[in-house]
Amino acid sequence: MTQADGYLLDNRQSEAGQRFDAFAALFDPTTFRHLEAFGLGPGWRCWEVGAGGTSVVSWLAEKVGPTGQVVATDIDTSLLATAAHAPVEVRTHDVGAEEPPGEGFDLVHARLVLVHVPDRERALRSMFKALRPGGRLLVEDADPALQPLTSPYEYGPEQRLANRLRQAFRKLLAERGADLSYGRKLPRLLREAGLHHVEADAYFPVASPACTALESATVRQIRGRLVSAGLATDEEIDQHLANVAEGTMDLATAPMISVWGRKE
């Protein structure tokens, strides 16, 4: 992720690891399917942008083997310590403000990162620059405006409260510069960046245990911000967390749009 004053989802908060575990359960199969289709294998040099947790980094390391390289970057690398051994190199890096950590990469990948980056245009240029000719770029990001609800089927007070808190969360994100409709823009943006053979698909998880875990961890992580901004009361948040803990709500996340292309 990119450093910004008042960043909403700090990697050092206790809930961050729970969120990354939920993201892994929800989105790793989609990410790995795309990466497998590229022919990823031994000897590849990969840059994992805004790595956050270790699930993708560790998977890449296994695929590229001892002859490959995985450069894992983030503004906060506190959750990457366990992955920091060959062929993985962990670096503190701001993709929206710094030069890339090298060039000639076979693969550059970012998942749920650029939506939060203030200078997203510079970040994409940096990622494109880092690729070798023939290298692959895979950018996967959310589009909260495309599906803005926690509970798509709003039939009772529990669902209405959930959706109101999701609206408050989106407000906090937007105030900090997040582009809530970024995912849908990526195919055009990758073409304009110079990528060829650009394709895209989307994955929209609904009603899984990981959605429930992600909702609980996220609300607990932003609780203080919601209350201090007057967007929710402690009582409302307690009620929502209790509702979620019952396990009877069909909770969703924003669609993740995956876009990929090749540098000629």
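Residues numbered from 1 in each chain as written. Predicted model: local features only at pLDDT ≥ 70, side-chain atom pairs only at ≥ 80, totals over all residues. Heavy atoms only, no water.

(A) Layout of the overall build of the chain. Helices and strands together make up the secondary structure of the chain, namely 7 helices and 7 strands. Secondary structure of the chain in N-to-C order comes out as α-β-α-β-β-β-α-β-α-α-β-α-α-β. Since a compact globule built from 264 residues should have a radius of gyration of about 18 Å, the 18 Å found for the chain is in line with a globular shape. Here the chain, with 264 residues, has 57% of them falling under the buried criterion. In the chain, of all internal contacts separated by at least 6 residues, the share reaching a separation of at least 24 is 76%. Only carbon and sulfur atoms are counted for the fraction: they give 51% of the accessible area of the chain, which is about 11200 Å². Where the 28 positive side-chain charges of the chain centre and where its 36 negative ones centre are 4 Å apart. (Helix = DSSP H or I, 4+ residues; strand = E, 2+ residues; numbered from the N terminus. Rg over C-alpha atoms; globule rule 2.2 N^0.38 Å. Buried < 20%, exposed > 50% of the residue type's maximum accessible area, 1.4 Å probe, protein only. Contact = heavy atoms within 4.5 Å. Areas by Shrake-Rupley, 256 points an atom, 1.4 Å probe, with all protein chains shown as cover. Lys, Arg positive; Asp, Glu negative; His and termini not counted. Charge placed at Lys NZ, Arg CZ, Asp CG, Glu CD.)

(B) Molecular detail of helix α2 (residues 55–64). Buried within α2 we find Val 56, Val 57, Trp 59, Leu 60, Ala 61 and Val 64. On the buried face of α2, the contacting elements are α1 (16–37), β1 (45–49), β2 (69–74), β3 (88–92) and β4 (105–111). At the C-terminal side of α2, Gly 65 shows a positive phi close to 70°.

(C) Looking closely at the sheet that holds strand β6 (residues 196–203). Overall, mixed pairing links the 7 strands, which are arranged β3-β2-β1-β4-β5-β7-β6 in an open sheet. Each having just a single partner strand, β3 and β6 make up the two edges of the open sheet. Neighbour to neighbour, the strand axes of the sheet diverge by 15° on average, direction disregarded. Running over the sheet, α2 touches β1, β2, β3 and β4 and is turned about 165° from β2. Against the sheet, helix α5 (residues 186–193) contacts β5 (131–142), β6 and β7 (256–262), and its axis sits at roughly 20° relative to β7. (Pairing = 2+ DSSP bridges. Axes fitted to C-alpha atoms, helices over the stretch in contact; angles between N-to-C directions.)

(D) Structural view of the packing of aromatic side chains. Summed over the entire model, instances satisfying the criterion amount to 6 aromatic pairs. Here the aromatic rings of Tyr 153 and Tyr 155 are separated by 4.7 Å at their centres, their planes lie at 40°, and the arrangement is tilted. Of the aromatic side chains, those joined through ring pairs into one cluster are Phe 20, Phe 23, Phe 27 and Tyr 203. Positioned above the aromatic ring of Tyr 182 is the side chain of Arg 120, whose terminal nitrogen or guanidinium carbon lies 5.5 Å from the ring centre. Just above the ring of Phe 128 sits the side chain of Lys 263; from NZ or CZ to the centre is 4.7 Å. (Phe/Tyr/Trp six-rings, centres within 6.5 Å; stacked < 30°, edge-to-face > 60°. Lys NZ or Arg CZ within 6 Å of the ring centre and 35° of its normal.)

(E) Geometry of helix α3 (residues 120–130). Of the residues making up α3, those classed as buried are Arg 120, Ala 123, Leu 124, Ser 126, Met 127, Phe 128 and Ala 130. Those residues of α3 that are buried are in contact with β1, β4, β5 and α5.

(F) Focus on the pattern of salt bridges. Inspection of the entire model under this criterion finds 16 salt bridges. Measuring nitrogen to oxygen at the nearest pair gives 2.6 Å for the salt bridge that ties Glu 89 to Arg 91. Classification of Glu 89 as partly exposed rests on a relative accessible area of 30%. The class of Arg 91 is partly exposed, set by a relative accessible area of 30%. A salt bridge links Arg 223 to Asp 234; the shortest N-O distance between them is 3.0 Å. Note that Arg 223 is positioned in helix α6 (residues 209–228) and Asp 234 in helix α7 (residues 234–245), a separation of 11 residues in sequence. The class for Arg 223 is partly exposed, based on a relative accessible area of 21%. Residues joined by salt bridges that share partners form a network here, namely Lys 171, Glu 175 and Arg 176. (Salt bridge = Lys/Arg side-chain N within 4 Å of Asp/Glu carboxyl O.)

(G) View of the environment of Val 244. By the secondary structure assignment, Val 244 is in helix α7. Along the sequence, Val 244 and Glu 158 sit 86 residues apart, while their C-alpha atoms lie 8.8 Å from each other. Discounting residues that sit within four places of it in the chain, Val 244 has contacts with Thr 212, Glu 215, Ser 216, Met 249 and Leu 251.

(H) Main features of unusual backbone geometry. Omega for the bond connecting Ala 86 with Pro 87 falls within 30 degrees of zero, at 10°, which places this linkage in the cis form. Inspection of the secondary structure puts Pro 87 in the loop between β2 and β3. One non-glycine residue, His 197, adopts positive backbone phi at about 55°. Examined against the element boundaries, His 197 turns out to sit in strand β6. Located in the positive-phi region is Ala 207, a residue other than glycine, with phi close to 60°. Here Ala 207 shows up in the loop between β6 and α6. Among the residues examined, Ala 207 registers a relative accessible area of 43% and is labelled partly exposed.

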